[in-house]
Amino acid sequence: MENSYILECEGISKAFGGTQALADVELHIKKGEVHALLGENGAGKSTLMKIIIGLYKADQGSITFEGKPYSARGPADAMAAGISMIHQELNPEPYLTIAESIFLNREDVKKGIHFLDKKKTNERAEKILREFDFPKGARTMMEDLTLAQMQMVEIIKAVSCDSRVIIMDEPTSSLDSEETEHLFGTIRGLKEKGVAIIYISHRMEEIFEICDRVSVFRDGRYVGSREMEGVTTKELISMMVGRTVENVFPKQECPIGDVVFRVEHLSGKGFEDISFEVRAGEILGISGLVGSGRSETMRAIFGLDPLTGGKIYLEGKEIVIKSAGDAIAKGIAMVNEDRKTYGLCLFRSLRENISLPNLKRKQKRFILNQRREKEEVLEVSKKLTVKAAGIEADAYSLSGGNQQKVVLSKWIMAEPKVLILDEPTRGVDVGAKSEIHTLMCRFAAQGMAIIMISSELPEVMGMSDRILIYHEGRLNGEVSRREILSGGVTQEVILAKEFGGK
């Protein structure tokens, strides 16, 4: 049947340690449809997709593909079966040609000898590139393509593998309007060929333009599915949020002092014309969807990425930050959202991790005062209740919550004036979250100015004195704690602003 399900997921559950990422979820995809998958950050969308392509193994449940039981041992296995995924963060091989990228691990080989037949591979690539009206030739290097063109190459690769289901995760996050329309034209062409598209996006206008049906996840559970015809934005947002804010966050009211940190008209990659200030003792929440420019702004402030315009002021004086070292020297610290990649040296001890940005304070010329180092590390790790076998234990041996406390410890030892926290409780259990929230309040009470980015609306609403809301690289509103506590501002209101509402 034309409308029969090509992919069915039933009763899928997945836990990571004590965190239940998915609980008995379902998803049914029809042949030749574009099916939107919606949910707040952390709702479980990506976890299910990674199970489908074989990056994770489900703890429970079953998947049926084209009427037969299905499981994949990895993305290559899934692609061979007919399911491909185009990730939000592309990882192209810059020094391969387009042809080599499309047919990677599927190259043509000359008969009788183990040599690549590049001529034949290029001819096959040229043929499929023409079918998609692609503007570049098969021999073009991947590094010479725009991000949108790289994304198109990934789509072409999926089609060349005879994929009958293609998962697209935030496919337009880095595309302009013209490139988005080109992508939509390609999606419509795939629909006509019977290819099913699972479309993950935070952009409501796109969901209504390109999708046929939508399924909503919330907190790792399946909420429901709707036909796009007849459903409203308000209904979808309500399905995504589905709960009221409960006072489960240990927010303490702290005296708020003078302005410590201020930026004016900051612009850079992914954000434009950003102005705000944060005061001593204040927790300034930053809310926005993935790719909205919130993390990009903080990376530029911390000197990790360049600014193209604007000014930064610390305690009333203009400062220039060209590197993370400059930021640290001036009293600005940042806990990155990816602690394992950017926050920790996993196979180094707690002592080494906590000391790393503070070594100059513990050395005389080239000699490190190890006694002082150990004393200070012990003091700060006890203050932040880091649970470990000892300060010589490797960071990788700790739980996620304690790893996050180690990252916090190294910056607290530096005694910053401004502390930027990007997703401070991502991937930690409920108990550790509460401890980290308590620490944030303690730092604020000591007069520190805190900027907190969070994808969890209950967290940002529960812990912030003010909230700035990002939409597509710009600020789209500000909310006070008083408005939240009075009930005048709800999660639905903030989420609507994240989607561009006024």
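Our structure is the block above this text.
Note that this is a predicted model, so its numbers are computed, not measured.

Visitor: Any chance you could explain the overall build of the protein here in plain terms?
Guide: Along its length, the protein carries 18 helices and 22 strands. Since a compact globule built from 502 residues should have a radius of gyration of about 23 Å, the 25 Å found for the protein is in line with a globular shape. Projected onto the principal axes, the alpha-carbon positions of the protein cover approximately 70 × 60 × 45 Å. For the protein, the proportion of its 502 residues judged to be buried stands at 51%.

Visitor: Please explain the pattern of salt bridges as it appears in this structure.
Guide: Two side chains that carry opposite charge are able to pair once their charged atoms sit near each other. Inspection of every chain in the model, using the stated rule, returns 24 salt bridges. For Glu-100, the salt bridge is made with Lys-118, and the minimal N-O distance between the two is 3.8 Å. Remark: Lys-118 occurs in helix H4 (residues 118-131) and Glu-100 occurs in helix H3 (residues 98-102); sequence separation between them is 18 residues. Judged by its relative accessible area of 51%, Lys-118 is exposed. Within this structure, Glu-66, Asp-162 and Arg-164 form a network of salt bridges that share partners.

Visitor: How do you make sense of the nonpolar core when you look at a structure like this?
Guide: Inside soluble globular proteins, nonpolar side chains tend to come together where they are buried. One finds Tyr-199, Phe-261, Phe-276 and Leu-419 to be the most contacted residues of the largest nonpolar core, which totals 119 residues. Non-local contacts of Leu-419, meaning those with residues more than four positions away in its chain, are made with Ala-333, Val-335, Leu-408, Trp-411, Ile-412, Phe-443, Met-448, Ala-449, Ile-450 and Ile-451. Counting 28 residues, the second largest nonpolar core, distinct from the first, contains Ile-12, Met-49, Ile-52 and Ile-167.

Visitor: How should H4 be read in this particular structure?
Guide: For an α-helix, the turn length of 3.6 residues means that residues three or four places apart are oriented alike. Here H4 contains 14 residues, and its C-alpha end-to-end distance of 20 Å stays within 8% of the 20 Å for a straight helix at 1.5 Å per residue. For H4, the complete set of buried residues consists of Thr-121, Asn-122, Ala-125, Ile-128 and Leu-129. Along the long axis of H4, the arc covered by the buried residues comes to 135 degrees, so they all point the same way. Opposite its buried face, H4 presents the exposed residues Lys-119, Lys-127, Arg-130 and Glu-131, each directed more than 90 degrees away.

Visitor: Looking at this model, I keep getting lost on the side chain of Ser-84. Mind explaining?
Guide: Turning to its location among the elements, Ser-84 is positioned in strand E6 (residues 83-86). Overall, Ser-84 belongs to the buried group, its relative accessible area being 3%. Every residue in contact with Ser-84, bar those within four places of it in the chain, is listed here: Met-79, Ala-158, Ser-163, Val-165, Ile-166 and Ile-167.

Visitor: Help me understand helix H8 (residues 233-241) in this model?
Guide: Taken together, the buried positions of H8 are Leu-236, Ile-237, Met-239, Met-240 and Val-241. The first or second residue beyond H8 is Gly-242, which carries a positive phi of 60 degrees.

Visitor: Would you mind going over unusual backbone geometry with me for this structure?
Guide: A negative phi angle characterises most non-glycine residues, just as the trans form characterises most peptide bonds. One non-glycine residue, Asp-219, lies in positive phi territory at about 55 degrees. Here Asp-219 shows up in the loop between strand E9 (213-218) and strand E10 (221-227).

Visitor: It is not clear to me how the sheet that holds strand E16 (residues 332-335) should be interpreted in this structure. Could you clarify?
Guide: Sheet strands line up and pair through hydrogen bonds in the backbone, either parallel or antiparallel. Across the sheet, 6 strands lie side by side as E16-E19-E20-E13-E21-E22; this open sheet has mixed pairing. Either end of the sheet is taken by a strand with one partner, and the two such strands are E16 and strand E22 (474-480). With direction set aside, neighbouring strand axes in the sheet form an average angle of 20 degrees. Relative to strand E21 (residues 466-471), strand E13 (residues 283-287) is paired through 4 bridges, and the arrangement is parallel. Across the sheet, the residue bridging to Ile-286 is Leu-468, located in E21. Each of E13, E16, strand E19 (418-422), strand E20 (449-453) and E21 touches helix H9 (residues 294-301); the most contacted strand, E20, lies at about 140 degrees to it. This element, helix H18 (residues 491-498), spans E13, E21 and E22 of the sheet and lies at about 35 degrees to E21.

Visitor: For this particular structure, what's the right way to read the environment of Ala-138?
Guide: Along the chain, Ala-138 turns up in the loop between H4 and helix H5 (147-160). Sequence separation between Ala-138 and Glu-126 is 12 residues, and the spatial gap between their C-alpha atoms is 5.5 Å. Contacts of Ala-138, omitting those with residues within four sequence positions, involve Thr-97, Ile-98, Ala-99, Asn-122, Ala-125, Glu-126 and Leu-129.

Visitor: Help me understand the packing of H8 against H18 in this model?
Guide: Packed helices, taken two at a time, are described by the angle their axes make and the gap between the axes. It is the contact of H8 with H18, at a shortest axis distance of 10 Å, that shows an interaxial angle of 120 degrees. Judged by the angle between their axes, H8 and H18 are oblique. Seen along the crossing, H8 lies across H18 with a hand that is right-handed. Touching Ile-237, Met-240 and Val-241 of H8 are Gln-491, Glu-492, Leu-495 and Ala-496, all from H18. In the contact of H8 with H18, the residues fall into 5 nonpolar, 1 polar and 1 charged.

The rules we used
- Residues numbered from 1 in each chain as written.
- Predicted model: local features only at pLDDT ≥ 70, side-chain atom pairs only at ≥ 80, totals over all residues.
- Heavy atoms only, no water.
- Helix = DSSP H or I, 4+ residues; strand = E, 2+ residues; numbered from the N terminus.
- Rg over C-alpha atoms; globule rule 2.2 N^0.38 Å.
- Buried < 20%, exposed > 50% of the residue type's maximum accessible area, 1.4 Å probe, protein only.
- Salt bridge = Lys/Arg side-chain N within 4 Å of Asp/Glu carboxyl O.
- Core = buried A, V, L, I, M, F, W, Y, C linked by side-chain atoms within 4.5 Å.
- Contact = heavy atoms within 4.5 Å.
- Expected span 1.5 Å × (residues − 1).
- Arc of directions from axis to C-beta.
- Pairing = 2+ DSSP bridges.
- Axes fitted to C-alpha atoms, helices over the stretch in contact; angles between N-to-C directions.
- Parallel < 35°, antiparallel > 145°, perpendicular 65-115°, else oblique.
- Left-handed = near helix turned anticlockwise from the far one by under 90°.
- Nonpolar A, V, L, I, M, F, W, Y, C, P; charged D, E, K, R; others polar.

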